[in-house]
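Here's the letter readout for the chains.
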Amino acid sequence: MDGKGRVSIPALFRRVLDACDPDRKPGDGSGIVLVYGDHRRKFIECYTVREAHRIDRLIARMKTGSPQRRALERLMQGQSFPTQVDDDGRLVLPPVVRERLNLAPGGGEVYFVASGATFQIWHPDAWAEEEAKLRDWLDEQPEDFDPLSLLPDEDEVE
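- The chain carries the name Transcriptional regulator MraZ in an unreviewed UniProt entry, which gives Haematobacter massiliensis as its organism.
- Per UniProt, the chain has the following entry under Subunit (unreviewed entry): "Forms oligomers."

Pasting the structure below:
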């Protein structure tokens, strides 16, 4: 991250953002939604426009006024930041996001981590802690443990 809060999004992630922005016109930057609402998380979840719209539709189907709907509206919609990637593939992280990630005002390093339909932006120290937890968990598994064994059977997937 540079001194202006800009981060360069990896090219692979940019291609996915481009493909998942139905309103994008040639030459425009892709839309992206940064969700920072869950204070327990040490990362920012980044949604494509298509995925953010899908979640909005699912929230709209919930019972109006229910505590669950209100919580999701506040976390996913009220504490998010819709923005665009610039022509150079950079994203400006707003102050609230930089604060949530505990990033220094003058810039610094961030980590991008793929996560299914989204990707995450992490402070390097927080990511190192998360990797250590994963290593500890893996160390508790049998020597012949295959992580792919955690996947559901094909017929169990929706």
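1. A word on the pattern of salt bridges
- In the structure shown here, the tally under the stated rule is 10 salt bridges.
- For the salt bridge of Glu73 with Arg69, the shortest nitrogen-to-oxygen distance reads 2.8 Å. In this pair, Glu73 and Arg69 both sit in helix α3 (residues 67-78), 4 residues apart, roughly one turn of the helix.
- Note on Glu73: relative accessible area 26%, which makes it partly exposed.
- By relative accessible area, Arg69 is classed as buried at 14%.
- Across the pair Arg90 and Asp88 runs a salt bridge, and its minimum N-O distance is 3.4 Å.
- The network of salt bridges with common partners includes Asp38, Arg40, Arg41 and Glu45.

2. A look at the packing of helix α2 (residues 49-60) against α3
- Two elements in contact, α2 and α3, have axes whose closest approach is 10 Å; the angle formed by their N-to-C orientations is 160°. By the criterion of interaxial angle, the relationship of α2 to α3 is roughly antiparallel. The chirality of how α2 crosses α3 is left-handed. Across the interface between the two elements, Ile55, Asp56, Ile59 and Ala60 from α2 touch Arg69, Leu72, Glu73, Met76 and Gln77 from α3.

3. Notes on the side chain of Arg98
- Take Arg98: it is sitting in helix α4 (residues 95-101).
- No salt bridge is formed by the buried Arg98; the nearest opposite charge belongs to Asp2, separated by 7.3 Å.
- A distance of 2.5 Å separates a polar side-chain atom of Arg98 from the backbone oxygen of Leu93.

4. Considering the state of the cysteines
- On inspection of all chains with the given rule, the structure shows 0 disulfides.
- Looking at the unpaired Cys20, the closest cysteine sulfur is the one in Cys46, lying at 14 Å.

5. Thoughts on the nonpolar core
- The biggest cluster of nonpolar side chains holds 20 residues, and the ones touching the most others in it are Ile9, Ile32, Leu93, Phe119 and Ile121.
- Contributions of two or more residues to this core are made by α1 (11-19), β2 (31-35), β3 (43-48), α4 and β7 (118-122).
- Not counting residues up to four positions away in its chain, the partners in contact with Ile121 are Phe43, Ile44, Cys46, Leu91, Leu93, Leu101, Val110, Tyr111 and Phe112.
- Counting 7 residues, the second largest nonpolar core, distinct from the first, contains Val35, Tyr47, Ile55 and Ile59.

6. Topic: the packing of aromatic side chains
- Here the structure, examined in full by the defined rule, presents 6 aromatic pairs.
- Centroid distance Phe13 to Phe119: 4.7 Å. Interplanar angle 20°. Geometry classified as stacked. With Phe13 in helix α1 and Phe119 in strand β7, the pair connects residues that are 106 residues apart, well separated along the chain. Of the two residues examined, Phe13 and Phe119, each falls in the buried class.
- Arranged with centres 5.1 Å apart and planes meeting at 65°, the rings of Trp122 and Trp127 form a pair that is edge-to-face.

Definitions and limits used
Residues numbered from 1 in each chain as written. Predicted model: local features only at pLDDT ≥ 70, side-chain atom pairs only at ≥ 80, totals over all residues. Heavy atoms only, no water. UniProt positions renumbered as here; feature names shortened; annotations may be inferred. Salt bridge = Lys/Arg side-chain N within 4 Å of Asp/Glu carboxyl O. Helix = DSSP H or I, 4+ residues; strand = E, 2+ residues; numbered from the N terminus. Buried < 20%, exposed > 50% of the residue type's maximum accessible area, 1.4 Å probe, protein only. Axes fitted to C-alpha atoms, helices over the stretch in contact; angles between N-to-C directions. Parallel < 35°, antiparallel > 145°, perpendicular 65-115°, else oblique. Left-handed = near helix turned anticlockwise from the far one by under 90°. Contact = heavy atoms within 4.5 Å. Lys, Arg positive; Asp, Glu negative; His and termini not counted. Polar contact = N/O pair within 3.5 Å; in protein donor to acceptor, adjacent residues only side chain to side chain. Disulfide = S-S within 2.5 Å. Core = buried A, V, L, I, M, F, W, Y, C linked by side-chain atoms within 4.5 Å. Phe/Tyr/Trp six-rings, centres within 6.5 Å; stacked < 30°, edge-to-face > 60°.

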